[in-house]
Amino acid sequence: MAAAAAAVPVNLRLGDLVWGKLGRYPPWPGKIVNPPKDLKKPRGKKCFFVKFFGTEDHLPVLEELEPKLHQPRTRESAWIKVEQLKPYHAHKEEMIKINKGKRFQQAVDAVEEFLKKGKGKDQDLTIPESSTVKRMMTGTMAGFKWPPSPAVCYQAITKKLKVCEEETGSTSIQAADSTAINGSITPTDKKIGFLGLGLMGSGIVSNLLKMGHTVTVWNRTAEKCDLFIQEGARLGRTPAEVVSTCDITFACVSDPKAAKDLVLGPSGVLQGIRPGKCYVDMSTVDADTVTELAQVIVSRGGRFLEAPVSGNQQLSNDGMLVILAAGDRGLYEDCSSCFQAMGKTSFFLGEVGNAAKMMLIVNMVQGSFMATIAEGLTLAQVTGQSQQTLLDILNQGQLASIFLDQKCQNILQGNFKPDFYLKYIQKDLRLAIALGDSVNHPTPMAAAANEVYKRAKALDQSDNDMSAVYRAYIH
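Below: a short report on this structure. Given the structure is predicted, the values throughout are model-derived calculations rather than measurements. (Residues numbered from 1 in each chain as written. Predicted model: local features only at pLDDT ≥ 70, side-chain atom pairs only at ≥ 80, totals over all residues. Heavy atoms only, no water.)

Some points on the overall build of the chain
Then comes step 1: Looking only at helices and strands, the chain has 19 helices and 18 strands in total.
Then comes step 2: Of the contacts made within the chain by residues no fewer than 6 positions apart, 67% connect residues no fewer than 24 positions apart.
Then comes step 3: About 22,300 Å² of surface is accessible on the chain, with carbon and sulfur atoms providing 52% of the total. (Helix = DSSP H or I, 4+ residues; strand = E, 2+ residues; numbered from the N terminus. Contact = heavy atoms within 4.5 Å. Areas by Shrake-Rupley, 256 points an atom, 1.4 Å probe, with all protein chains shown as cover.)

Have a look at this one:
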């Protein structure tokens, strides 16, 4: 009886506030609006065009449209099947109970503000007609299930790349949205290999499989492969075997030594390379290491791309990494569907070594910021100030970010389960400082942060999250 009651359709109409399920995101508040006149409705089951409330980075945002349409960068729109929609007011209490995130609350606040301003008057949330909208908002895409209903059916932005020439002459290619969350990827027919199933590699492989890629996996600790075999991956006995049986092989390991051992060691990648075989190293290493690996791969007739990733375990699981690539441009393009599955954005930075340098700079900034956060929280504590109040203040200011909030919550809760190992951010700081030394550029902030992480490592925090650097200040 309960199941039958749940299946009763809800009568919805233009202007109604609703909860809509979009991709991997939790049910999100929105309003049923008129679509642009030239935007065709998807065939099949009944759909409504929904404009979502929220703030930047909640949902895939129409960032490129903002300057052209004069629309705030706070809402996304999509066709949503009626079974993926629930009335806003009737389910508000239920949704707020199951979704506790700060950004989710901001989206709810935006709805309430909308209601206060409207006071019963219908505010126009219809997307203006625009050639840009007509070009970009095409193609029906399938989302993820809101059990037990079928997948979301909506018409959204296709993967659109923008190419920018930088002052250095290198080209960066950035995806305007994440296709990994909407299921629109057409997987390559090439056989994919993946070496290394750590915090980052596990999420990457999972998303490759979800998006329909044929993947063969290998890991130094073979037991880690079991879960992925159950999900449809094939097992490779050695790195050489994976490379020899696959068209493109990705690798993601911990540091320069591990990256070299994987390629040059017994039954390593190099033994499986022959003309036409492709190798993509996603490890965060120094430019000298990646250049050496590129040379030996190419010397055997292989093709090489470096593609380190910016993100953490959660972003890896969500398919929302940022990918920095350099090397063989053709191989970069061949990896398109793989990069769409694992990341929200990818940049091509030119010749081998550029991605390694950029990645180290990014992690240098992140690691230094984390050390500063920990320093501020401990200073607040010893001066009798509330650490929670400090976080609340920071979250209302210009420094507000998911990173800041998550890492502070780790510290306040004493939960240092690794999302990004402390030992790896210290490694990246060390390599970034060496990069600065190589060009005689000062890196005093990174050097100071590095010393704090070294202290944390001495306190046995290496295998905890980077936020455990906090403990270096309280001992």
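A short note on the sheet that holds strand 5 (residues 85-87)
Then comes step 1: If you trace the 5 strands from one edge of the open sheet to the other, you get 4-3-2-1-5, paired in antiparallel fashion. Among the strands making up the open sheet, the edge pair consists of strand 4 (77-81) and strand 5. If you compare each strand with its neighbour and ignore which way they point, the axes differ by 45 degrees on average.
Then comes step 2: Two elements, strand 1 (residues 17-20) and strand 5, share 3 bridges in a ladder whose sense is antiparallel. The residue bridging Val18 from the neighbouring strand is Pro87, located in strand 5.
Then comes step 3: Contacts from helix 3 (residues 88-98) reach strand 1, strand 2 (28-32) and strand 5, with the element oriented near 100 degrees to strand 5. (Pairing = 2+ DSSP bridges. Axes fitted to C-alpha atoms, helices over the stretch in contact; angles between N-to-C directions.)

Overview of the packing of helix 15 (residues 354-382) against helix 19 (residues 444-458)
Then comes step 1: One can describe the packing of helix 15 onto helix 19 by two numbers: an axis separation of 9 Å at closest approach and a directional angle of 60 degrees. Taken together, the axis directions place helix 15 and helix 19 in an arrangement best described as oblique. For the pair helix 15 and helix 19, the crossing hand works out as left-handed. Across the interface between the two elements, Met364, Gly367, Ser368, Met370 and Ala371 of helix 15 pack against Met445, Ala446, Ala449 and Tyr453 of helix 19.
Then comes step 2: Residue composition of the contact of helix 15 with helix 19, grouped by class: 7 nonpolar, 2 polar and no charged. (Parallel < 35°, antiparallel > 145°, perpendicular 65-115°, else oblique. Left-handed = near helix turned anticlockwise from the far one by under 90°. Nonpolar A, V, L, I, M, F, W, Y, C, P; charged D, E, K, R; others polar.)

A word on the nonpolar core
Then comes step 1: Membership of the largest hydrophobic core comes to 35 residues, with the highest contact counts inside it found for Phe194, Phe250, Met282 and Phe339.
Then comes step 2: Elements supplying a minimum of two residues to this core: strand 10 (192-195), helix 6 (199-210), strand 11 (215-218), strand 13 (248-251), strand 14 (278-281), strand 17 (321-327), helix 13 (329-334) and helix 14 (336-342).
Then comes step 3: Filtering out sequence-adjacent residues up to four positions away, Met282 remains in contact with Phe194, Ile204, Phe250, Ala251, Cys252, Ala307, Pro308, Val309, Phe339 and Met342.
Then comes step 4: The next biggest cluster of nonpolar side chains, apart from the first, holds 30 residues, and it includes Ile373, Cys408, Leu422 and Ala449. (Core = buried A, V, L, I, M, F, W, Y, C linked by side-chain atoms within 4.5 Å. Buried < 20%, exposed > 50% of the residue type's maximum accessible area, 1.4 Å probe, protein only.)

Quick word on the layout of surface pockets
Then comes step 1: By volume, the second largest pocket amounts to about 850 Å³.
Then comes step 2: Lining the second largest pocket we find 34 residues, and of these Gly198, Cys252, Val253, Ser254 and Tyr424 sit closest to its centre.
Then comes step 3: Elements with a minimum of two residues in the lining of the second largest pocket: helix 6, helix 9 (256-264), strand 16 (309-310), helix 15 and helix 18 (422-438).
Then comes step 4: Residues that form the lining of the second largest pocket fall into these classes: 16 nonpolar, 12 polar and 6 charged. (1 Å grid on protein atoms, 1.4 Å probe; cavity = no way out; pocket = protein on both sides within 12 Å on 5 of 7 lines; lining within 4 Å. Points joined across faces, edges and corners; volume = space filled by probe spheres on them.)

Describing the pattern of salt bridges
Then comes step 1: All told, the structure shown has 12 salt bridges when counted by the stated rule.
Then comes step 2: Where Arg237 meets Glu241, a salt bridge forms, and the shortest distance between an N and an O atom there is 2.7 Å.
Then comes step 3: Judged by its relative accessible area of 69%, Arg237 is exposed.
Then comes step 4: One salt bridge connects Asp261 with Lys257, and the closest N-O pair in it is separated by 2.8 Å. (Salt bridge = Lys/Arg side-chain N within 4 Å of Asp/Glu carboxyl O.)

Remarks on the state of the cysteines
Then comes step 1: For the coordinates displayed, the defined rule picks out 0 disulfides.
Then comes step 2: Left unpaired, Cys278 is separated from the closest cysteine sulfur, that of Cys335, by 7.2 Å.
Then comes step 3: The class for Cys278 is buried, based on a relative accessible area of 5%.
Then comes step 4: With no disulfide partner, Cys338 has as its closest neighbouring cysteine sulfur the one in Cys335, 5.8 Å distant. (Disulfide = S-S within 2.5 Å.)

Observations concerning helix 11 (residues 287-299)
Then comes step 1: Compared with the 18 Å implied by 1.5 Å per residue over 13 residues, the 18 Å span of helix 11 between its first and last C-alpha is a close match.
Then comes step 2: Burial in helix 11 covers these residues: Ala287, Thr289, Val290, Leu293, Ala294 and Ile297. Buried positions in helix 11, seen along its axis, are confined to an arc of 160 degrees and lie on one side of it. Every exposed residue of helix 11 that faces more than 90 degrees away from the buried side is listed here: Asp288, Gln295 and Ser299.
Then comes step 3: Along its buried surface, helix 11 packs onto helix 9, helix 10 (269-272), strand 14, strand 15 (303-306) and helix 15.
Then comes step 4: Two to three positions downstream of the cap, the backbone nitrogen of Asp288 sits 3.3 Å from a side-chain oxygen, assigning the N-cap of helix 11 to Asp286. (Expected span 1.5 Å × (residues − 1). Arc of directions from axis to C-beta. Polar contact = N/O pair within 3.5 Å; in protein donor to acceptor, adjacent residues only side chain to side chain.)

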